[in-house]
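As a plain string of letters, each chain reads:
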Amino acid sequence: MSAYSIRYVDRAAQRKVALPEPQRASLEALEKRLCLDPFGPPAIRNRDNSWSAAFKGGFVTYVVSNRHVVINVIDLVAL
């Protein structure tokens, strides 16, 4: 199985850039896990065919394209 690539919509990308270093490092560790399996832990399926996964101090919401092997992050929330 190929590793998925991750794309961020504009707003989520801007929020990612604004994260402090500890949160950004935690998010990058999460991205590595999601690239290998976007449906496994720590992913949680939402009711609208999107998924969410938490990192230290926040979470991302994303949809997956199996056809294009891409994870599209549609929101990033820093807590």
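Described below are features of the structure shown in this document. (Residues numbered from 1 in each chain as written. Predicted model: local features only at pLDDT ≥ 70, side-chain atom pairs only at ≥ 80, totals over all residues. Heavy atoms only, no water.)

Describing unusual backbone geometry
With an omega of 15 degrees, the peptide bond between P41 and P42 qualifies as cis. Positive phi, normally seen in glycine, also occurs at N49, with a value near 70 degrees. For N49, a relative accessible area of 53% puts it in the exposed group. In this structure, V69 takes a positive phi of about 55 degrees despite not being glycine. Looking at the element boundaries, V69 is found in the loop between β4 (58-65) and β5 (70-78). (Buried < 20%, exposed > 50% of the residue type's maximum accessible area, 1.4 Å probe, protein only. Helix = DSSP H or I, 4+ residues; strand = E, 2+ residues; numbered from the N terminus.)

Some words on the sheet that holds β4
Reading across the sheet, the five strands line up as β1-β5-β4-β3-β2 and stay open at both edges, with mixed pairing between neighbours. The strands lining the two open edges of the sheet, one partner per strand, are β1 (5-8) and β2 (44-45). Taken together, the two bridges between β2 and strand β3 (residues 51-55) define a ladder with antiparallel strand orientation. Pairing of I44 across the sheet is with S52, part of β3. Where helix α1 (residues 10-18) meets the sheet, it contacts β1 and β5, and its direction lies at approximately 55 degrees from that of β5. The sheet strands contacting helix α2 (residues 21-36) are β1, β3, β4 and β5, and the helix crosses β3 at an angle near 135 degrees. (Pairing = 2+ DSSP bridges. Contact = heavy atoms within 4.5 Å. Axes fitted to C-alpha atoms, helices over the stretch in contact; angles between N-to-C directions.)

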